[in-house]
Amino acid sequence: MNGDVSSVCHEVPEPINWESAYNISSPVLYQRSIYDDQPNAHKRFMEKLDARIRNHDREIEKMCNFHHQGFVDAITELLKVRIDAEKLMGQVTDTNRRLQEAGREVTAQTEEVICCRIQQRNMATTVEKLQLCIPVLEMYSKLKEQLESKRYYAALKTMEQLEKVYIPRVSQYRFCQIMAENLPRLREEIKEISMSDLKDFLESIRKHSDKVGETAMRQAQQHRTFNSAIAKQASMGHYTKPVYSLNGRTHTHNGLMIDDNTGDEDEADEEILTAQDLVDFSPVYRCLHIYTVLGDRETFESYYRKQRKKQARLVLQPQANMHETVEGYRKYFNQIVGFFVVEDHILNATQGLVTRAFTDELWNMALSKIIAVLRTHSSYCDDPDLVLELKNLIVIFADTLQDYGFPVNRLFDLLFEVRDQYNETLLKKWALVFREIFELDNYSPIPVETEDEYKLVVSRFPFHDAEIEKQDFPKKLPMSQSVPQIYTQVKEFIYASLKFSESLHRSSTEIDDMLRKSTNLLLTRTLSSCLQNLIKKPHIGLTELVQIIINTTHLEQACRYLEEFITNITNVSPETVHTTRLYGLSTFKDARHAAEGEIYTKLNQKIDEFIQLADYEWGMAESDGRASGYLMDLINFLRSTFQVFTHLPLLDLFMVWDWSTYLADYGQPTSKYLRVNPATALALLEKMKDTSKKNNIFSQFRKNDRDKQKLIETVVKQLRSLVNGMSS
């Protein structure tokens with residue numbers, strides 16, 4: 001059959017090409033030709049088309065007849081195969097039934113195995129996922145513990161690990177999403193808590209600034225004392241002065257390390273406190289780290305600096321009564337030092353929280369305020385001891401802050417203003433001392449009974465007189481008790497003035513100049529004013545005025561000893577170019593001049609009183625040849641008064657006839673008779689020329705011989721030339 005089918009298949013004609021058979025390869029063109037020809041063209045076309053169709057139908061019928069027998073044979077074969085297929089189907093069905101029955105138990109066991117395998121797979125998956133989740137849960141639990149123990153910086157690090165490492169591994173789980181959503185809230189809580197801790201820290205350092213500053217200033221003072229003690233060793237080696245730092249830093253200079261534990265022997269065992277010992281800085285460190293981790297460091301820095309500026313303004317505001325006690329100034333300085341010690345520690349312990357530019361800005365602002373405050377409050381103080389203690393505090397204050405690198409030159413400049421204030425208070429104090437001395441003086445020569453008493457007086461006042469030293473005891477010194485007291489008080493004033501100059505970091509020449517200037521003010525203003533007021537007092541009589549003249553003479557002579565006294569203190573030679581000289585000579589000369597004028601005034605007033613009180617007998621017929629009683633009283637008064645005048649050294653010009661000295665030294669500032677006017681002296685000498693015709697108070701000059709008269713004539717001529725030279 002297969003062979004027949006094959007032979008039949010080989011005889012199958014080729015397929016008809018319908019396109020060529022009907023000749024319709026170009027139907028569009030053919031159709032156009034139909035409509036474009038004559039009117040019968042369509043009919044002819046239809047006839048030809050029908051003929052062609054009939055031809056093809058015949059070919060189709062012929063082909064079908066050719067294949068019909070093969071089709072019949074194929075159908076016959078298929079019918080035979082159906083019977084075999086039904087048998088095969090029965091066999092397959094039976095085999096399937098028997099296989100189903102045989103595999104039913106296997107299937108049940110297989111399902112159990114599959115279920116177990118699924119469970120195993122799920123368990124393995126669960127274990128795997130749990131292994132991923134457990135670290136997340138452990139880290140979150142660790143985070144909670146850190147938050148409870150206030151380890152916020154570590155908590156932030158844990159959060160960072162959770163976000164970047166752990167949570168992304170299991171981000172598909174809902175609990176992880178809850179964790180991730182909760183972390184920003186925890187961060188904000190940490191920021192709020194750390195900011196609250198920072199505020200507590202700022203309040204704490206505000207309260208502890210006093211203690212920090214007190215400790216720093218006390219230790220700076222101890223080191224200054226120590227440095228002064230070893231200053232003498234500087235010339236023996238290369239030892240340089242150590243600088244103490246409250247931060248516990250050890251400083252080295254020229255290769256020499258100085259341990260901060262150096263101090264007074266009495267406090268050698270005392271523990272040296274640092275800023276960390278007095279203030280807990282952990283809140284600010286923690287807060288700084290937290291804000292740094294959170295990427296918000298700039299906000300923290302801005303807030304910290306703003307708050308510290310506010311605190312600086314509060315610290316710099318003094319109490320209204322600060323000038324009344326030294327404790328007020330000390331507390332003020334302690335607060336400021338404490339503030340800047342803390343800032344210096346923050347500057348060195350943190351990186352960028354505060355900068356050197358920021359601390360310099362704060363210091364410049366504070367320095368201007370401090371200077372203004374001290375300038376104002378020191379002007380209220382009238383106690384030199386308080387001003388001196390203020391100066392010492394300012395020096396310690398400046399030295400302490402200088403050790404921390406803050407410029408303090410303006411503070412030392414301020415000390416010059418405070419020095420002037422100190423000198424003013426000293427002058428006021430010594431004015432009271434001088435007044436008391438003058439009030440208690442008896443204006444009588446000092447009596448000395450024994451040599452010990454004499455030595456006691458000359459130990460207090462540089463008095464040397466060969467004639468008096470030769471006299472036997474008891475004897476009297478020409479000056480009154482006020483002279484050694486005044487001299488001693490002037491030296492005490494110099495000592496007091498010197499105290500202010502200590503620790504000002506000034507040269508000996510500058511200190512010498514300051515001492516001399518302040519001493520000049522004491523002599524030319526304070527002592528001079530006291531002397532002038534004393535001379536003008538109503539109860540001061542002629543005897544007292546004479547004694548005042550004598551006293552000022554001795555004080556004038558003692559000025560050179562005051563010069564030597566200052567030189568011995570400062571070791572500055574008086575021959576130095578810029579050395580200030582003492583002007584006490586003019587002070588005492590002016591006082592003597594005023595006393596002389598007052599003597600003249602009081603003497604005239606006394607003479608007028610005698611004349612005004614005279615009881616004239618207007619009805620007397622003729623004179624009885626005797627002087628009136630009031631006139632005798634006046635003569636006795638003048639005699640006793642002039643007896644007192646014999647003690648005056650201004651009178652040596654006439655008493656000792658010292659005209660050669662007067663004429664030789666005339667016009668010199670150191671002249672012994674500087675206050676003697678040539679015209680006045682000329683008038684007196686002219687009156688002495690005719691002593692035989694007048695009975696005046698200079699009757700003792702009548703004993704002068706003819707040679708002395710010639711000398712008078714010579715002196716008169718020279719005085720006239722001086723007077724004429726002055727008038728021209």
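Basis of the calculations
Residues numbered from 1 in each chain as written. Predicted model: local features only at pLDDT ≥ 70, side-chain atom pairs only at ≥ 80, totals over all residues. Heavy atoms only, no water. UniProt positions renumbered as here; feature names shortened; annotations may be inferred. Helix = DSSP H or I, 4+ residues; strand = E, 2+ residues; numbered from the N terminus. Buried < 20%, exposed > 50% of the residue type's maximum accessible area, 1.4 Å probe, protein only. Contact = heavy atoms within 4.5 Å. Areas by Shrake-Rupley, 256 points an atom, 1.4 Å probe, with all protein chains shown as cover. Core = buried A, V, L, I, M, F, W, Y, C linked by side-chain atoms within 4.5 Å. Domains from an automatic or database assignment. Axes fitted to C-alpha atoms, helices over the stretch in contact; angles between N-to-C directions. Parallel < 35°, antiparallel > 145°, perpendicular 65-115°, else oblique. Nonpolar A, V, L, I, M, F, W, Y, C, P; charged D, E, K, R; others polar. Salt bridge = Lys/Arg side-chain N within 4 Å of Asp/Glu carboxyl O. Polar contact = N/O pair within 3.5 Å; in protein donor to acceptor, adjacent residues only side chain to side chain. Phe/Tyr/Trp six-rings, centres within 6.5 Å; stacked < 30°, edge-to-face > 60°. Lys NZ or Arg CZ within 6 Å of the ring centre and 35° of its normal. Left-handed = near helix turned anticlockwise from the far one by under 90°. Expected span 1.5 Å × (residues − 1). Patch = residues over 30% accessible without salt bridge, like charges linked within 9 Å, V, L, I, M, F, W, Y side chains within 5 Å. Lys, Arg positive; Asp, Glu negative; His and termini not counted. Charge placed at Lys NZ, Arg CZ, Asp CG, Glu CD. pLDDT = per-residue confidence, 0-100.

You'll find the chain entered in an unreviewed UniProt entry as Exocyst complex component, with Lates calcarifer given as the organism. The heading Function (unreviewed entry) in the UniProt record of the chain holds the text "Component of the exocyst complex involved in the docking of exocytic vesicles with fusion sites on the plasma membrane." Note on the chain: under the UniProt heading Sequence similarities (unreviewed entry), the record states "Belongs to the SEC15 family."

1. Details of the overall build of the chain
Each helix and strand counted, the chain has 25 helices and four strands in total. The buried share of the chain, taken over its 728 residues, is 36%. Of the contacts made within the chain by residues no fewer than 6 positions apart, 75% connect residues no fewer than 24 positions apart. Carbon and sulfur atoms make up 52% of the accessible area of the chain, which amounts to about 43700 Å² in all.

2. A closer look at the nonpolar core
Of all hydrophobic cores here, the largest spans 125 residues; its most connected members are Phe333, Trp363, Ile370 and Phe397. It is helix 13 (residues 409–440) that provides the largest number of residues to this core, a total of 13 residues. Counting only domains with at least three residues in this core, you end up with domain 1 (190–230 + 274–406) and domain 2 (423–444 + 480–606). Sequence-distant contacts of Phe397, defined by excluding residues within four places in its chain, comprise Met217, Phe333, Ile336, Val337, Trp363, Ile370 and Leu411. Judged by nonpolar contacts, the second largest core, of 20 residues, contains Val136, Tyr140, Tyr166 and Ile290.

3. Notes on the packing of helix 10 (residues 326–349) against helix 11 (residues 356–378)
Packing of helix 10 against helix 11 leaves a shortest axis separation of 11 Å and a crossing angle of 175°. Looking at the two axes, helix 10 sits roughly antiparallel to helix 11. Every residue of helix 11 that contacts helix 10 at Tyr329, Tyr332, Phe333, Ile336, Phe339, Phe340, Glu343, Asp344 and Leu347 is listed here: Arg356, Phe358, Thr359, Leu362, Trp363, Ala366, Ile370, Val373, Leu374, His377 and Ser378. Along the lines of polarity and charge, the residues of the contact of helix 10 with helix 11 split into 14 nonpolar, three polar and three charged.

4. Looking at the pattern of salt bridges
With the rule as written, the count across this model stands at 20 salt bridges. In this structure, Arg516 and Asp512 form a salt bridge, with 2.7 Å as the shortest nitrogen-oxygen distance. Of the two residues, Arg516 and Asp512 are both situated in helix 17 (residues 508–536); the distance of four residues between them amounts to about one turn of the helix. The exposure classification of Arg516 matches that of Asp512, with both residues buried. One salt-bridge network, held together by shared partners, links Asp94, Arg97, Arg98 and Glu101.

5. Topic: unusual backbone geometry
Cis geometry marks the peptide bond from Phe473 to Pro474; its omega dihedral reads -5°. Relative to the helices and strands, Pro474 resides in the loop between helix 15 (466–470) and strand 4 (475–477). Of note, Lys150 is a non-glycine position whose phi angle comes to about 60°, a positive value. Within the fold, Lys150 resides in the loop between helix 4 (41–148) and helix 5 (152–166).

6. Considering the side chain of Asn182
Along the chain, Asn182 falls in helix 6 (residues 174–230). Side-chain polar atoms of Asn182 contact the side chain of Arg185, separated by 2.4 Å. Excluding residues within four positions of it along the chain, Asn182 makes contact with Tyr140 and Lys144.

7. With respect to the packing of aromatic side chains
Inspection of the entire model under this criterion finds 16 aromatic pairs. Between Phe339 and Phe340 the ring centres are 5.1 Å apart and the planes differ by 80°, which places this aromatic pair in the edge-to-face class. Phe340 shares its class with Phe339; the two are buried. Summarising the aromatic geometry, the rings of Tyr495 and Phe565 are spaced 5.2 Å apart at their centres and angled 90° between planes, so their arrangement reads as edge-to-face. One end of the pair, Tyr495, is in helix 16 (residues 482–501); the other, Phe565, is in helix 19 (residues 559–570), with 70 residues separating them in the sequence. What makes Tyr495 partly exposed here is its relative accessible area of 39%. On the accessibility criterion, Phe565 (12% relative accessible area) is buried. Through a chain of ring-to-ring contacts, the aromatic side chains of Phe339, Phe340, Trp363 and Phe406 assemble into a single cluster. The ring of Phe500 carries Lys391 above its face, with NZ or CZ at 5.9 Å from the centroid.

8. Considering the packing of helix 9 (residues 297–315) against helix 11
Two elements in contact, helix 9 and helix 11, have axes whose closest approach is 11 Å; the angle formed by their N-to-C orientations is 20°. When the axes of helix 9 and helix 11 are compared, the pair comes out roughly parallel. The way helix 9 lies across helix 11 gives a crossing that is right-handed. Every residue of helix 11 that contacts helix 9 at Arg305, Lys309 and Ala312 is listed here: Phe358, Glu361, Leu362 and Met365. Per-class residue counts for the contact of helix 9 with helix 11 are four nonpolar, no polar and three charged.

9. Concerning helix 16
Its 20 residues give helix 16 an end-to-end C-alpha distance of 29 Å, which sits within 8% of 28 Å, the value for a rise of 1.5 Å per residue. Just past helix 16, the residue Ser503 takes up positive phi, approximately 65°.

10. Remarks on a negative patch on the surface
The grouping of Asp382, Asp383, Asp385 and Glu389 at the surface amounts to a negative patch. Here Glu389 is to be found in helix 12 (residues 384–403). Taking the relative accessible area as the measure of exposure, Glu389 reaches 37% and is therefore partly exposed.

11. Focus on the confidence of the model for the chain
Averaged over all residues, the pLDDT of the chain equals 78, while 77% of them reach at least 70. Taken element by element, the chain is modelled with least confidence in strand 2 (residues 256–258), mean pLDDT 30, and with most confidence in helix 16, mean pLDDT 91. The low-confidence segment residues 1–13, where pLDDT is below 50, has ten contacts with residues more than four positions distant or belonging to other chains. Long-range and interchain partners of residues 15–30, a stretch whose pLDDT sits below 50, account for 16 contacts in this model, where long-range means more than four residues apart.

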